[in-house]
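Coordinate analysis (summary)
One letter stands for each residue in the lines below.
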Number of protein chains: 2
Amino acid sequence: MYKAPVEEIAFTLKHVAGMADALEEGQLGDLSDDLVEAILEEAGRFASDEVAPLAEIGDRQGARLVDGKVEVPDGWADLYRHWAEGGWNSLVASTAYGGQGLPHMLNVAALEMWNSGSMAFALGPTLTMGAVEALTAHGSAELKEKYLHKMVSGEWTGTMNLTEPHAGSDLGVMKTRAERRDDGTYRIFGQKIFITWGEHEITRNIVHLVLARLPDAPAGTRGISLFLVPKFLVNDDGSLGARNDLHCHSLEHKLGIHGSPTCTMIYGDGRYGDEAGAIGYLIGEENKGLACMFTMMNNARLAVGMQGVAICEAATQKAVAFAKERTQGKAPGWSGSGQTGGMSPIIEHPDVARMLVTMKALTQGARAICYTCAHATDMAHHARADRAAHWQERAALLTPIAKSFATDAGVDVASLGIQVHGGMGFIEETGAARYLRDARIAPIYEGTNGIQAIDLVTRKLPLSNGDHVRGFITELREIVSSVRGLNRDDFGTTADRLEASLADLDEATEWLLVRIAEGNTAAALAGATPYQRLFGLALTGAYLAKGALADAETGGFERVALCRFAAENLIAETAALKDRVINGEASLTAARALLG
Amino acid sequence: MYKAPVEEIAFTLKHVAGMADALEEGQLGDLSDDLVEAILEEAGRFASDEVAPLAEIGDRQGARLVDGKVEVPDGWADLYRHWAEGGWNSLVASTAYGGQGLPHMLNVAALEMWNSGSMAFALGPTLTMGAVEALTAHGSAELKEKYLHKMVSGEWTGTMNLTEPHAGSDLGVMKTRAERRDDGTYRIFGQKIFITWGEHEITRNIVHLVLARLPDAPAGTRGISLFLVPKFLVNDDGSLGARNDLHCHSLEHKLGIHGSPTCTMIYGDGRYGDEAGAIGYLIGEENKGLACMFTMMNNARLAVGMQGVAICEAATQKAVAFAKERTQGKAPGWSGSGQTGGMSPIIEHPDVARMLVTMKALTQGARAICYTCAHATDMAHHARADRAAHWQERAALLTPIAKSFATDAGVDVASLGIQVHGGMGFIEETGAARYLRDARIAPIYEGTNGIQAIDLVTRKLPLSNGDHVRGFITELREIVSSVRGLNRDDFGTTADRLEASLADLDEATEWLLVRIAEGNTAAALAGATPYQRLFGLALTGAYLAKGALADAETGGFERVALCRFAAENLIAETAALKDRVINGEASLTAARALLG
């Protein structure tokens, strides 16, 4: 059973992601180290003791549509209420609406733990937090006053309605329409698919944020508006009024995250109310809906990255525990013991150890990248004004890497976890397979990892004319210098390896910047995914080393050993990835013809 | 829907795996090119038109244990009968028992197609073929006469009973016991798990091959005997007699291959018959059971490799078809068309094209390796006596690479297939997710891929004191010379890339041979899995080039393009893998400590 790695999380936040310096410099308000520890401890306890035990039943029962009502798995309604009562929904929300105004770093660490406990469960709150963020940034004072308090407390949940059957990654072609009414409200008509936690009975109301198009809207993404469409209308005194004209038509039958209801939502077909059309309230300005979504996109993407980290951690814990218990064969050098009949615990076999250490290194690398991204977001809000732009760019640059690297790692680590379990890994009751089934959606939603790569190469590398990413690589090289300066044997060839991977990153970056500057997008995009992976691997090497350096000061050896393993066994791939970025396009273009 | 790639299969068999030369030199008996084509065509038709349409219902319904009987999915009983009536069960079986005595190459190609149609369905026949092979090689004349005709025709199915709860990879500790009887038969007592197609009602009898231990047997793997234990006893006239004392206790609830009943089998608990104990007949000699299993192990492992190839092919076909239909966004250089509202088919996006071409290259590489392995097996049987040992060694060397590379590719390609589908890939009805769920078992059973790597490094590399593998690498280098000699622009840098990958293979091989010779098994095993992957990637590059060379002679460009893509985008990883083999052990050893 999952046990939240609170100490590792706290260490990574403080000594790798930058929280310790930020605290010391007072850049996170009056947040104290003690409060950080207390919050992480309590979140860890709740995730381990309350959430994780209900993950399996959630997977087995799944969400069900019964007589038009969405039923969640047994125990989940109470779990949600306890969770919201604990204040976990409101960590980062504005104090103006009952939130705690804490740094994103803390919320991201908590998200990791909820998702390790049960990714399907954590999805509901994740979507509510996104809706709160969008409404806070763009809603009118009246809308915010009416809705935000209850969304921040978790008394009501929120959703995001973007996707339509023909419009997934490309929102410009969506068809859901909004009609203006004389009273300033709108009527919404259309169908939305893949709506996470779109319907349930856990809370008395659900606040849908819906993208739709006005009749006179410009074509494409410049003609999309954002609306707040509650399941039940809200009276001026805050009490619930009539049922709005929207409902859940069906639930998807999915590979994983079974406990999370993935709804097809119908707006405005006349099922409820005197007149067809779901009543909606404009958020922000007409035709500026996509811009409203963009403000929350970085955090939403990072939240999905945390799902990857979470699965990595949980799958690794499970595999390590199994590999210590299960005995088979005799590993080289194993002296045997009476208890096991001469067989080794499989963790003693080098191949199994290699899988487990790889899982640990990928977990820790993904975690460090994601937390560092959250730190940049916090610094953009809290740092001195003259540094805010710098940190905004850093968060923008790190977001696609965090989302893609962590979610790819989630799939890879979960798959390795099954392999460590052998035949038992394929049996559903073991639980290792669920991690792979759950993990597999994360590289897809909130912008596929391919779309993250396009974003990274075409929008993020050119920030400050490329000087931002250049400065970042320079910072990373300082880690190499520190490792080299330490001159400790147990780092092995870490410094040389890191230096080589950063040289690969540097070269690939400059090559791409030239292509983008030339307008040769096709050449840049051909290598975008290998580049994104290269960046993630180089960061993994660098951040594991950063942790090892902090650990080494106090004599610790574990992080040194893990960093050395990553350096000497994982990151050499950056050379092949760089090669693919720079030399891969011609053969890709030629081979595309054979796809017919 | 899957359509068997008969032309590609025939091309690979003939021009990459070596069938054309073998046919020309008359080394495959009186087999003609026309007969090969006819068999492949008909197998392809059956797999595409009869098997594939029943895959989805098999996955959805699964095998069920109802009132002690195992029910297979709707339509599968008829499907099996049609399949057996078509003679597909008997392609390689001995003509002495009604088999067709055809080359393994043809059976392997057919296995690919059955597994692409439905891996869960194809598993039953695969196990029967294994049982036929073991019985043919080691059974007494009487046993063979009594059982083989009906097993070869498919009138009865067969199973292999190896695994017990505490004895998976390590058979030496199995507990199932056999007692000698005065009449020369044995009574079998014990529990076996993970028994594929262990019980069903499709055929009137099931012939279980069961490993068990005699009371006075030596400890470990030298004390295991093999028994034939039929579900129903067989009278001397071939009619069925009493029910034997064995039954299916339960079915596993698995991640994939739902239609394939995975049984826990109970032998000898007294449920059937006057006296407890399932009646068994010794196959081969007492305590030589494991040797009997080893004779069929190479073919069984290759058959699992074919499952990997099969999933690769089916998943790629599905993803390519989807990527041509689905439109989203605007790819660089896309001129638009009225039909799509200006959106590109997603196949036009470089990232999607990269995934699809990677899937194609891995499919074709895995196929070529597996077919080449089957060719070696055929040559060992059919070639001149003075060459048989050479071909036996080649088959032995290729088997772990074929099994591991193809099954890893199955998982990777199926996962990429989901990614290409975006959100739809996560929805079970789409069918892309099933490929990943089915594929995930193949790297585990029939010897985990980690065990394949141990076999490759410790048993296969030392064949002929290392000269066999050295000779093989020399042969592969001739492909490089041919590519270089052709001097064609459209091969790009293929020759240089292949040369580099073979140099990596050479260096890693020599390094491992030294460690094995020194008795430094721990060092060798630390890099066994990276080495196995390195070998598979280098072979993929070489064999795609071999196909491209054959194609280039007749002006074809498709295989040239695919080979160049593999050379310039996939195989550069061999450098990092070699590095891991040679330099990875120290950091792996250091990091193992942190697993606790």
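Residues numbered from 1 in each chain as written. Chains lettered and ligands numbered in written order. Predicted model: local features only at pLDDT ≥ 70, side-chain atom pairs only at ≥ 80, totals over all residues. Heavy atoms only, no water.

1. Looking at the nonpolar core
Counted only if it meets this: Within this scheme, the nonpolar core is defined by two criteria: the residues are buried Ala, Val, Leu, Ile, Met, Phe, Trp, Tyr or Cys, and they are joined through side-chain atoms within 4.5 Å. When a residue's accessible area, from a 1.4 Å probe over protein chains only, is under 20% of the maximum for its type it is buried; when over 50% it is exposed; and in between it is partly exposed. We call two residues in contact when some of their heavy atoms are within 4.5 Å.
One finds W114 and Y531 of chain A together with W114 and Y531 of chain B to be the most contacted residues of the largest nonpolar core, which totals 382 residues. Leave out the neighbours within four places in its chain, and W114 of chain B touches A43, F46, A47, V51, W83, W88, M119 and A122 of chain B. Ranked by size, the runner-up nonpolar core spans 19 residues in total, among them A178, L246, C248 and Y267 of chain A.

2. Let's talk about the interface of chain A and chain B
The line we're drawing: For any pair of parts, buried area is found by adding up, for both, the accessible area (1.4 Å probe) each one loses once the two are put together. Salt bridges are counted wherever a side-chain nitrogen of Lys or Arg sits within 4 Å of a carboxyl oxygen of Asp or Glu. Polar contacts here mean pairs of N or O atoms no more than 3.5 Å apart (in protein, one a potential hydrogen donor and the other a potential acceptor; neighbouring residues in sequence count only if both atoms are side-chain atoms). Under this grouping Gly is polar, as are all residues other than the nonpolar Ala, Val, Leu, Ile, Met, Phe, Trp, Tyr, Cys and Pro and the charged Asp, Glu, Lys and Arg.
With 89 residues of chain A at the interface, the matching set in chain B holds 89 residues. Counting the surface lost from both chain A and chain B, the interface buries some 7400 Å², and carbon and sulfur atoms represent 62% of this. It is F426, L594 and L595 of chain A in chain A that bury the most area against chain B; as a group they hold 11% of the surface buried on that side. At the junction of chain A with chain B, the criterion picks out 6 salt bridges. If you look at where chain A meets chain B, you find 38 residue pairs in polar contact (both at pLDDT 80 or more). Here the residues of the side of chain A that touches chain B are counted per class, giving 43 nonpolar, 24 polar and 22 charged.

3. Describing empty space enclosed by the protein
Residue and element names in this part refer to chain A. Put simply, the rule reads: Each cavity reported here is a set of points on a 1 Å grid over the protein atoms alone in which a 1.4 Å probe fits but cannot get out, each pocket an open set with protein on both sides within 12 Å along at least five of seven lines, and each lining residue one with an atom within 4 Å of a point. Grid points are joined across faces, edges and corners, and a volume is the space filled by probe spheres set on the points. The helix count covers DSSP runs of H or I at least four residues long, the strand count covers runs of E at least two residues long, and both are numbered beginning at the N terminus.
If you walk through the whole model with that rule in mind, you get 6 cavities of 30 Å³ or more. If you trace the second largest cavity, you find it lined by A55, G58, D59, W76, S118, M119, A120, I257, H258, G259, R434 and D438. Looking at the lining of the second largest cavity, the elements that each hand over two or more residues are α4 (55-61), α7 (119-138) and α12 (432-439). Ranked by the residues each element gives to the lining of the second largest cavity, the list is headed by α4, at 3 residues. Residue composition of the lining of the second largest cavity, by class: 5 nonpolar, 4 polar and 3 charged.

4. Re the relation of the copies chain A and chain B
Here is the rule we go by: Here the copies are matched by least squares. The fit uses the C-alpha atoms of residues with pLDDT of at least 70 in both.
For these two chains of identical sequence, chain A goes onto chain B by a turn of 180 degrees and a shift of 0.0 Å along the axis, with RMSD 0.0 Å. Those values place the two copies in the arrangement expected of a two-fold rotation axis. Measuring from the rotation axis to each C-alpha of chain A, the shortest distance belongs to E573 of chain A, at 3.2 Å. The overlap is high: 100% of the interface residues of chain A also sit at the interface in chain B, so the same surface is used on both sides.

5. Side note on helix α6 (residues 104-117) of chain A
Convention followed: Here a helix's expected span is defined as the number of its residues, less one, multiplied by 1.5 Å.
Between the first and last C-alpha of α6 of chain A there are 20 Å, a value that for 14 residues agrees with the 20 Å anticipated at 1.5 Å per step. The buried fraction of α6 of chain A amounts to 14 of the 14 residues, a majority that puts the element mostly inside the structure.

6. Overview of the packing of helix α14 (residues 467-486) of chain A against helix α17 (residues 528-553) of chain A
All names here are of chain A. For clarity, the cut-off: Interaxial angles span 0 to 180 degrees and are taken between N-to-C directions of axes, which are lines fitted to C-alpha atoms, for helices over the stretch in contact. Small angles under 35 degrees read as roughly parallel and large ones over 145 as roughly antiparallel, with 65 to 115 read as roughly perpendicular and the rest as oblique. What makes a crossing left-handed is the near helix being turned counterclockwise from the far one by less than a right angle; a clockwise turn instead makes it right-handed.
It is the contact of α14 with α17, at a shortest axis distance of 10 Å, that shows an interaxial angle of 40 degrees. Looking at the two axes, α14 sits oblique to α17. Crossing geometry of α14 relative to α17 is assigned as left-handed. The segment α14 lies against α17, with V469, F472, L476, I479, S482, V483 and L486 engaging Y531, F535, L539, A542, Y543, A545, K546, L549 and A552.

7. Side note on the UniProt feature "domain: Acetyl-CoA dehydrogenase-like C-terminal" (unreviewed entry) in chain A
Where we set the bar: UniProt positions are given in the numbering used here, feature names are shortened, and annotations may be inferred rather than shown by experiment.
Under the UniProt annotation, the feature "domain: Acetyl-CoA dehydrogenase-like C-terminal" (unreviewed entry) is placed at residues 473-590 of chain A. Between the C-alpha atoms that bound residues 473-590 of chain A the distance is 33 Å, and the span itself is 84% helix and 0% strand.

8. A look at helix α18 (residues 558-569) of chain A
Taking 1.5 Å per residue as the helical rise, α18 of chain A with its 12 residues ought to reach 16 Å, and the 16 Å between its terminal C-alpha atoms agrees with that figure. Of all the residues in α18 of chain A, the buried ones are R559, V560, A561, L562, C563, R564, F565, A566, A567, E568 and N569 of chain A. Taken together, the buried residues of α18 of chain A touch α1 (6-16), α10 (350-382), α15 (494-518) and α17 of chain A together with α19 (574-583) and α20 (585-592) of chain B.

9. Observations regarding the side chain of E199 of chain B
Residue and element names in this part refer to chain B. Here E199 is to be found in the loop between β5 (186-196) and β6 (206-212). On the accessibility criterion, E199 (3% relative accessible area) is buried. Those residues in contact with E199 that sit more than four places away from it in its chain are V70, I206, K231, C248, P261 and C263.

10. So, the pairing of strand β6 (residues 206-212) of chain A
Residues and elements named next belong to chain A. Keep this limit in mind: A pair of strands counts as paired when DSSP detects no fewer than two bridges linking them.
The element β6 is largely enclosed, with a buried count of 7 among its 7 residues. For strand β3 (residues 157-161) and β6, the ladder comprises 5 bridges, and the chain directions are parallel. Note on β6: the bridge partner recorded for T159 is H208. Alignment of β6 against strand β7 (residues 225-230), held across 6 bridges, turns out to be antiparallel. Opposite L209, over in β7, you have L228 as the bridge partner.

11. Some words on the pairing of β3 of chain A
β3 of chain A sits mainly inside the fold: 5 of its 5 residues count as buried. Here β3 of chain A shows no split at all, with T157, T159 and N161 of chain A on one side and G158 and M160 of chain A on the other all buried.

12. Some remarks on the packing of aromatic side chains
Residue and element names in this part refer to chain A. To keep it simple, the criterion reads: Aromatic rings from Phe, Tyr and Trp, with only the six-membered ring used for Trp, were paired whenever their centres fell within 6.5 Å, and each pair was classed as stacked if the ring planes differed by under 30 degrees, edge-to-face if by over 60, and tilted otherwise. Here, a charge over a ring means that NZ of Lys or CZ of Arg falls within 6 Å of the ring centre while also lying within 35 degrees of the ring normal.
One pass over the structure, following the stated rule, counts 20 aromatic pairs over all chains. Taken together, the ring pairs in this structure connect F46, Y80, W83, W88 and W114 into an aromatic cluster. Looking at R243, its charged tip hangs above the ring of F232, at a distance of 5.6 Å from the centre. Positioned above the aromatic ring of Y435, the side-chain terminus of R434 is 5.1 Å from the ring centre.

13. What to know about the pattern of salt bridges
All names here are of chain A. All chains considered together, the criterion is met by 79 salt bridges over all chains. The shortest N-O distance in the salt bridge between R45 and E42 comes to 3.1 Å. Note that R45 and E42 are positioned in helix α3 (residues 33-51) at a spacing of 3 residues, about one turn of the helix. Among the residues examined, R45 registers a relative accessible area of 35% and is labelled partly exposed. As a salt-bridge pair, D490 and R488 come within 2.7 Å of each other at their nearest N and O atoms.

14. Quick notes on the confidence of the model for chain A
Definition in use: pLDDT measures the predictor's confidence residue by residue and takes values from 0 up to 100.
In this model, chain A carries a mean pLDDT of 96, and residues with pLDDT of at least 70 account for 99%. With a pTM of 0.98, the predicted complex shows an ipTM of 0.97.

15. Some thoughts on the environment of L23 of chain A
Residues and elements named next belong to chain A. Note that L23 resides in helix α2 (residues 19-24). In this structure L23 comes out as buried when scored by relative accessible area, which is 16%. As a C-alpha pair, L23 and G130 span 107 residues in sequence and 26 Å in three-dimensional space.

16. With respect to unusual backbone geometry
Residue and element names in this part refer to chain A. Phi is positive for W197, which is not a glycine, with a value near 55 degrees. Note on placement: W197 falls in the loop between β5 (186-196) and β6. One non-glycine residue, I257, lies in the positive phi region at around 35 degrees. If you trace the backbone, I257 turns up in the loop between β10 (246-251) and β11 (262-267).

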